[in-house]
Amino acid sequence: MPLPFLTADRAFEVAGETSDDVALPFDDHDQWRRPYRPGPWRVGAAALLLLMASFLLLAAMVIAFAGAMPGAGICLGLGVVLIACALRLLRVGAWVSRHGLRRVGFFSTTTVPWGRATDVRTVQQPVRWLGLPRTVQGQALVLVHQNGERLQLLTDHNADFLSRVEAFDRAADTVEAWGDEYRPV
């Protein structure tokens, strides 16, 4: 039984068909937005972290009822850390707004105003496979600073776009369009 009132995709349904790769529209360009959806690898990893956190929280409750408070505190702390890691993992990626471009990593965030960016383009280069040390030949969306430094934003082999070439192309085109619109000439 379809429940169209529960989905954000109901505006994109065409004759009863839905597409999983259609980007959602955003009205307010002052808010930071990710111009693509998180990929299945990223969502799956976060779901596994949340599953482990639920087991740790359940273990903390059982240990607390048994009366061993230090052990319950350790399990509770580890569960909270896993929840925080899962939420941070879901925020990783490239975010855009009228103010600039933000690359959110797991441990750090870099924000570049559009005024400091000279170019946003897709290049063919070795990229890391799922963020691991192994590199493969692929495409990367890079931002070039005024001083010539390059910041890698997206790759076609990261957790959002592995085996989803069309989604990478659409996301790269969207970020390039934001750059063309808001970067000073």
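Our subject is the structure listed above.
Read on for an overview of the structure. As the structure is a computational prediction, the values presented were derived from the model and not from experiment. (Residues numbered from 1 in each chain as written. Predicted model: local features only at pLDDT ≥ 70, side-chain atom pairs only at ≥ 80, totals over all residues. Heavy atoms only, no water.)

### Here's the deal with the side chain of Arg-42
Piece 1. The residue Arg-42 is located in helix H1 (residues 40–66) in this model.
Piece 2. Every residue in contact with Arg-42, bar those within four places of it in the chain, is listed here: Arg-34, Leu-89, Leu-90, Val-92, Ala-159 and Asp-160. (Helix = DSSP H or I, 4+ residues; strand = E, 2+ residues; numbered from the N terminus. Contact = heavy atoms within 4.5 Å.)

### Describing a nonpolar patch on the surface
Piece 1. A grouping of Leu-58, Met-61, Val-62 and Phe-65 is seen on the molecular surface, where their side chains present a nonpolar patch of about 440 Å² in accessible area.
Piece 2. Summarising the element assignment, Met-61 is placed in helix H1.
Piece 3. Exposure remark for Met-61: the relative accessible area of 41% places this residue in the partly exposed category. (Patch = residues over 30% accessible without salt bridge, like charges linked within 9 Å, V, L, I, M, F, W, Y side chains within 5 Å. Areas by Shrake-Rupley, 256 points an atom, 1.4 Å probe, with all protein chains shown as cover. Salt bridge = Lys/Arg side-chain N within 4 Å of Asp/Glu carboxyl O. Buried < 20%, exposed > 50% of the residue type's maximum accessible area, 1.4 Å probe, protein only.)

### Details of the environment of Phe-161
Piece 1. By the element assignment, Phe-161 lies in the loop between strand S6 (150–155) and helix H3 (165–182).
Piece 2. The exposure class assigned to Phe-161 is buried, which follows from its relative accessible area of 1%.
Piece 3. Linking Phe-161 and Arg-42, residues 119 residues apart in sequence, is a C-alpha distance of 9.5 Å.

### Thoughts on the sheet that holds strand S2 (residues 100–104)
Piece 1. An order of S1-S2-S3 is seen for the three strands of this open sheet, with the pairing classed as antiparallel. Sheet topology places strand S1 (93–97) and strand S3 (109–113) at the edges, where each strand pairs with a single neighbour. For this sheet, the mean angle separating the axes of adjacent strands, direction not counted, is 15 degrees. (Pairing = 2+ DSSP bridges. Axes fitted to C-alpha atoms, helices over the stretch in contact; angles between N-to-C directions.)

### Concerning H3
Piece 1. Across its 18 residues, H3 extends 26 Å between first and last C-alpha, which sits within 8% of the 26 Å expected from 1.5 Å per residue.
Piece 2. The set of residues buried in H3 consists of Ala-167, Phe-168, Ala-171, Ala-172, Val-175, Glu-176, Trp-178, Gly-179 and Tyr-182. End-on view of H3: buried residues confined to an arc of 165 degrees, all on one side of the axis. H3 presents Glu-166, Asp-180 and Glu-181 as exposed residues on the side facing more than 90 degrees away from its buried surface.
Piece 3. In this structure, the buried side of H3 is in contact with S1, S2, strand S4 (117–128), strand S5 (135–145) and S6. (Expected span 1.5 Å × (residues − 1). Arc of directions from axis to C-beta.)

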